[in-house]
Amino acid sequence: MKTRVPVFACCLACLVIVTFSAAQTIQVDISPAHATNHFRPNETLGAGVDRIPSEAVDTGLAQPNLGRALESGWQPVSYRNNTELSIEAWHWNSRGTWSELGEKGYFTGSVTPGEPILHSYGYSLPHRGFTRNDGTPNAGYSRITDGDDKTYWKSNPYLTQHFTGESDALHPQWVVLDLAQTQQVDSIRINWAEPYATRFLVQHWIGEDPMHSPTHGVWQTYPGGAIEHGHGGFDILRLQARPLPVRFLRILMTESSDTCAAGHASTDPRACAGYAINEIYLGSTSVDGELHDILRHTQDQEQTTTYCSSVDPWHEASDLGTTHQAQAGFDLFFTSGVTRGRPAMIPIALVYDTPENAVAEIAYLENRKYPISYIEMGEEMEGQYLSPEDYGALYIQWATALHHLDPTLKLGGPGLGGLNEDLEAWPAANGKTSWVARFIDYLKQHGRISDLSFFSFEHYPYDGCRIPWGSLYDETELVSRVLQIWRDDGVPPETPMFITEGNLSSAASETYMDIFSGLWLADYIGSFLAAGGNGVYYFHYLPLQMEHGCNDSPGTFGMFSVDAQYKIQQPLAQFFVAQLINLEWVAPGAQPHDVYPAKSDVDDGAGHALVTAYALKRPDGQWSLLVVNRDQQNAHRVRIEFRDQNQPPSSFVGSVELSTFGKAQYQWHPGHTRYVGHAEYPGEPSVVAESFGHADPDGPILHAEQSPTADTTYELPAASVVVIRGHLREP
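The written sequence of each chain sets the order in which its residues are numbered from 1. Predicted model: local features are reported for residues with pLDDT of at least 70 only, side-chain atom pairs are reported and counted for 80 or more only, and whole-chain, interface and lining totals are derived from all residues. The side-chain numbers reported here are obtained from all heavy atoms of the structure, hydrogens and water having been left aside.

### Topic: the overall build of the protein
Alright, step 1. For the protein, the count of helices and strands is 12 helices and 44 strands.
Alright, step 2. Within these notes, the globule rule equals 2.2 Å times the number of residues to the 0.38 power, and the radius of gyration is based on C-alpha atoms. Compactness check: the protein gives a C-alpha radius of gyration of 28 Å against a globular reference of 27 Å for 731 residues, within 12% of the reference.
Alright, step 3. The dimensions of the protein, computed from C-alpha atoms along their principal axes, are 90 × 55 × 55 Å.
Alright, step 4. Only protein chains enter the accessibility calculation, which uses a 1.4 Å probe; a residue is then buried when its area is under 20% of its type maximum, exposed when over 50%, and partly exposed in between. Split into buried and exposed, the 731 residues of the protein put 59% on the buried side. Secondary structure elements are taken from DSSP: a helix is a run of H or I of four residues or more, a strand is a run of E of two residues or more, and numbering for both begins at the N terminus.

Next up, the structure:
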């Protein structure tokens, strides 16, 4: 319930409306031709649900927690898929069929509705070639340097000519070794499995880190590293006459033996397509011909790090990972009420799955008559080091299969991670390095750009370990710039742009609970819509536990603190700002809103805007401003002026509604941590939380009404978000 207070109480609460001739100004350009965007809240302002602890799924999608989450006002829901980040195959339905006897091979979920699906899980891939990637930084291990003669890495068969219809040379597969520091190397032994590479290059990197700075260097083929007629096995390959220092080494494979992997169904072409390596040994060769290996071979993160271009999604029932973490089952998700009955954005797994399983998933949902708005094809491609051409090839295969099932499906991607700059890849043959531009080129060259119904990416703009207060000044530029980058890369102007997941940082910390996070959220949503964005999904919709965060600072993604049983303890700063955005700034529902440019002249003397504003013309005829005072210590008084290039200036008239959330309404008090020199309990971190903090005061939003004059000024409390809404004076 809203609490309305008279103006004298507002003064006491530091929301002052006074007449002041020297006030600074927020100017709103209301010229009809200058509107920057148009949107409908129930299609545009949403939130995401990811793989989380099973108990968090069960409590989050039930009352009372679900009801509290819905009070935030977020509307459409994006169902997130975490298995891609974890190098796992997704069994969206535990019931289904395997491609081989003995519950192994490629899994396809059942399309026939049966017992409700409450949870779904990921299955680790036994032919993994990553030590770590951007989704699994410290979990699992590569089969290339694990010291086990029975395990091997295998590339994704769907990237071979049998499935792409293109020469394998257009989709080269690779393995990279990171030696952690420069080592003296002249020889390599590759223990090939089946199928093996008949044509490949062994190269070393000259430059910076090739995995994270792919345009700051070049791959150089060793004098003895160009193999034209490989025959498999495990011969020692002399790369150069004498040992020379190297840190990064790549094996680039362009032609396969197409021989079938032992122990797999030889009638399945996937078993015979791609490349497979059992183990790699690297070092120098002495005069007696012996190779002196310098790699670490262990089934742990301490192994010599390897990266790979792709992984075969083949797996077994025994590869089921933990069931303590779960994706919400589709039946639980759609019947819980979290979607408000609205169509939801649904993912399909692409990088580590099959088109048959993706088709089965959507067929199941359609058989259940669950409404789908969009289908996101994979997640965080760059975190898997997938080339844009390889992603394009998979995208087209999956799109063909899905549109054969239902031609009306709206497909999109690539679900890029939280990037602030253009995504770069190793240069293509034409020298182009932009990942997005090359992906768009691939679709256009194959006549399939129409299959991209939307372009999606995530937004986590800050390094979680370094978020000073002044970084608030960056957000408006960051989000608008990345939208422009994707357009400059060739994303068609008519293709909608969606941020399908976003928050401050990919690492939680105390900053998430501080009022800082609320101010950031207002700037993020406002600037995204002002820059022409089409859909945005807050992360994370359902309550989660406090977790060990950046700088050993406990934090949580989401809008609430909870106890050990997930009982909500308190709403946090972003909950209140979500309400300001969804329930005060916009008119909830399906009616169109128009976004207009707004700018203040309040700055810090160093060129940073201290006050930002985002203006809407609502369907009820009101003009609504979302105003953020980013000045941490100082309040500011502003006059609001509305200008139409064809009319005299205007201002609010009649009753104006004001909703304020600032320091007087919310303050976070951090918990206490303790240093542990050596773990007291197994697996304990070196810094443990003894308490997790609390908010005091903890809301509510302050609501007020006032009848202003043309000269009225509005005081914006320090570190606050204010919604000012009303009708304009007739010209």
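Additional details are given in the paragraphs that follow.
### Concerning the nonpolar core
Alright, step 1. In terms of nonpolar packing, the biggest core is built from 171 residues, with Met-377 and Trp-486 touching the most fellow members.
Alright, step 2. With 10 residues, helix α11 (residues 515–530) is the largest single contributor of residues to this core.
Alright, step 3. Two residues qualify as a contact provided that any one of their heavy atoms is within 4.5 Å of a heavy atom in the partner residue. Setting aside residues no more than four positions away along its own chain, Trp-486 makes contact with Leu-416, Leu-419, Glu-421, Asp-422, Leu-423, Val-436, Phe-455, Phe-457, Val-491 and Met-497.
Alright, step 4. We define the nonpolar core as a collection of buried residues of types Ala, Val, Leu, Ile, Met, Phe, Trp, Tyr and Cys that are connected through side-chain atoms lying within 4.5 Å of one another. One finds Tyr-473, Val-602, Trp-623 and Ile-724 within the second-largest nonpolar core, a separate group that totals 24 residues.

### Structural notes on the environment of Ala-635
Alright, step 1. With respect to the helices, strands and loops of the structure, Ala-635 is situated in the loop between β35 (623–629) and β36 (636–643).
Alright, step 2. Separated by 286 residues in sequence, Ala-635 and Ala-349 have C-alpha atoms that sit 49 Å apart.
Alright, step 3. Beyond its immediate chain neighbours, meaning those up to four positions away, Ala-635 contacts Asn-629, Glu-715, Leu-716, Pro-717 and Ala-718.

### Structural notes on the sheet that holds strand β6 (residues 52–53)
Alright, step 1. Paired strands are those between which DSSP finds at least two bridges. Strand order in the open sheet formed by 4 strands is β6-β23-β11-β8, and the pairing between neighbours is antiparallel. The sheet is open, and its two edges are formed by β6 and β8 (88–91), each paired on a single side.
Alright, step 2. By the bridge criterion, 4 bridges tie β8 to strand β11 (residues 119–124) in an arrangement that is antiparallel. The residue of β11 that forms the bridge with Trp-90 is Gly-122.

### As for the packing of aromatic side chains
Alright, step 1. Ring pairs shown here join Phe, Tyr and Trp side chains whose ring centres sit within 6.5 Å, with only the six-membered ring taken for Trp; geometry is labelled stacked below 30 degrees between planes, edge-to-face above 60, and tilted in between. Throughout the structure, instances matching the rule amount to 43 aromatic pairs.
Alright, step 2. Between the aromatic rings of Phe-575 and Phe-576, the centroid separation amounts to 5.5 Å while the plane-to-plane angle is 75°, which identifies the pairing as edge-to-face. With respect to burial, Phe-575 and Phe-576 carry one shared label: buried.
Alright, step 3. The structure contains a cluster of three or more aromatic residues connected by ring pairs, namely Tyr-79, Trp-90, Trp-92, Phe-330, Phe-333, Phe-334, Tyr-364 and Tyr-370.
Alright, step 4. Charge-over-ring contacts are defined here by two conditions on Lys NZ or Arg CZ: a distance within 6 Å of the ring centre and an angle within 35 degrees of the ring normal. Residue placement shows Arg-143 over the ring face of Tyr-141; its charged tip is 4.2 Å from the ring centre.
Alright, step 5. We note Arg-250 situated over the ring of Trp-426; from NZ or CZ to the ring centre the distance is 4.8 Å.

### Focus on the side chain of Asp-514
Alright, step 1. Checked against the element boundaries, Asp-514 lands in the loop between β28 (497–502) and α11.
Alright, step 2. Think of it this way: Lys and Arg go in the positive column, Asp and Glu in the negative one, and His and the chain ends go nowhere. One speaks of a salt bridge when a side-chain nitrogen belonging to Lys or Arg is within 4 Å of a carboxyl oxygen belonging to Asp or Glu. The buried charged residue Asp-514 lacks any salt bridge partner; its closest oppositely charged side chain belongs to Lys-663, at an N-O distance of 8.5 Å.

### Thoughts on the pairing of strand β34 (residues 611–617)
Alright, step 1. Judged by how many residues are buried, β34 sits mostly within the fold: 6 of 7 residues are covered.
Alright, step 2. Here 3 bridges tie strand β32 (residues 593–596) to β34, and the two strands are oriented antiparallel to one another. Directly across from Val-595, in β34, lies its bridge partner Leu-616.
Alright, step 3. The sheet contact formed by β34 and β35 spans 7 bridges and is antiparallel. Note that in β35 the partner of Ala-615 across the bridge is Leu-625.
Alright, step 4. In textbook terms, the turn of a hairpin is the stretch between consecutive antiparallel strands, and for β34 and β35 this stretch comprises 5 residues, one of which, Gly-621, has a positive phi near 90°.

### Topic: the packing of helix α10 (residues 475–488) against α11
Alright, step 1. Whenever a helix is involved, its axis is fitted only over the stretch in contact; in every case the axis is a line through C-alpha atoms, and angles between N-to-C directions fall within 0 to 180 degrees. Between α10 and α11, the shortest axis-to-axis distance is 9 Å and the interhelical angle comes to 35°. Along this stretch, α10 crosses α11, giving a crossing that reads as right-handed. Where α10 abuts α11, its residues Glu-475, Thr-476, Val-479 and Leu-483 lie against Trp-520, Asp-523, Tyr-524, Ser-527 and Phe-528.
Alright, step 2. When its residues are assigned to classes, the contact of α10 with α11 shows 5 nonpolar, 2 polar and 2 charged. Two helices cross in a left-handed way if the nearer one is turned anticlockwise from the farther one by less than a right angle. They cross in a right-handed way if the turn is clockwise. The nonpolar class holds Ala, Val, Leu, Ile, Met, Phe, Trp, Tyr, Cys and Pro. Asp, Glu, Lys and Arg form the charged class, and all remaining residues, Gly among them, are polar.

### Things to note about helix α9 (residues 435–445)
Alright, step 1. For α9, the buried fraction is high: 8 of the 11 residues fall into the buried class.
Alright, step 2. Every buried residue belonging to α9 is among Trp-435, Val-436, Ala-437, Arg-438, Phe-439, Ile-440, Tyr-442 and Leu-443, and all of these are buried.
Alright, step 3. Contacts made by the buried residues of α9 are with α8 (388–405), β26 (411–416), β27 (454–459) and α10.
Alright, step 4. Backbone geometry just after α9 places Gly-447 at a positive phi near 65°.

### Describing the side chain of Glu-361
Alright, step 1. Locating Glu-361 in the fold gives a position in helix α7 (residues 355–367).
Alright, step 2. Despite its burial, Glu-361 remains without a salt bridge, the nearest opposite charge being carried by Arg-80 at 11 Å.
Alright, step 3. Look past the residues within four positions of Glu-361 in its chain and what remains in contact with it is Trp-90, Trp-92, Phe-330, Ile-346, Pro-347 and Ile-348.

### Here's the deal with helix α12 (residues 573–585)
Alright, step 1. In this model, α12 (13 residues) spans 17 Å end to end at C-alpha, consistent with the 18 Å of a helix rising 1.5 Å per residue.
Alright, step 2. With 12 of 13 residues buried, α12 is to be regarded as a mostly interior element. What a helix should span is 1.5 Å times the count of its residues minus one.

### Observations regarding the sheet that holds strand β9 (residues 96–100)
Alright, step 1. As summarised here, the arrangement of the 3 strands in space is β9-β10-β22, forming an open sheet in which the pairing is antiparallel. Of all strands in the sheet, those bounded by a partner on one side alone are β9 and β22 (315–316).
Alright, step 2. Bridging between strand β10 (residues 104–109) and β22 involves 2 bridges; their strand directions are antiparallel. When the bridges of β22 are listed, Lys-104 appears paired with Glu-316.

### Observations regarding unusual backbone geometry
Alright, step 1. A cis amide bond, omega -5°, links Glu-194 with the succeeding residue Pro-195.
Alright, step 2. Checked against the element boundaries, Pro-195 lands in the loop between β14 (187–192) and β15 (197–207).
Alright, step 3. Looking along the chain, the bond that leaves Phe-539 and enters His-540 is cis, with omega of 15°.
Alright, step 4. Turning to its location among the elements, His-540 is positioned in the loop between β29 (535–538) and β30 (560–562).
Alright, step 5. With a phi close to 60°, Lys-369 is a non-glycine residue in the positive phi region.
Alright, step 6. Relative to the elements of secondary structure, Lys-369 occurs in the loop between α7 and β25 (372–377).
Alright, step 7. You can call Lys-369 exposed: its relative accessible area is 71%.
Alright, step 8. Positive phi outside glycine occurs at Ala-719, with the angle close to 50°.
Alright, step 9. Tracing the sequence through the fold places Ala-719 in the loop between β43 (712–716) and β44 (720–728).

### Focus: the confidence of the model for the protein
Alright, step 1. Predicted confidence across the protein gives a mean pLDDT of 94, with 97% of residues reaching 70 or more.
Alright, step 2. You can read pLDDT as the predictor saying how much it trusts each residue, on a scale of 0 to 100. Of the regions scoring below 50 in pLDDT, residues 1–22 engages in 49 contacts with residues more than four places distant in sequence or in other chains.

### What to know about the state of the cysteines
Alright, step 1. For the purposes of this analysis, a disulfide is any pair of cysteine sulfur atoms at a distance within 2.5 Å. Inspection of the entire model under this criterion finds 2 disulfides.
Alright, step 2. Note that Cys-260 is cross-linked by a disulfide to Cys-272, the S-S spacing being 1.9 Å. Linking Cys-260 and Cys-272, the disulfide has an S-S dihedral of approximately 90° and is accordingly described as right-handed. Residue Cys-260 is found in the loop between β18 (244–256) and β19 (276–285), and its partner Cys-272 is found in the loop between β18 and β19; the two are separated by 12 residues along the sequence.

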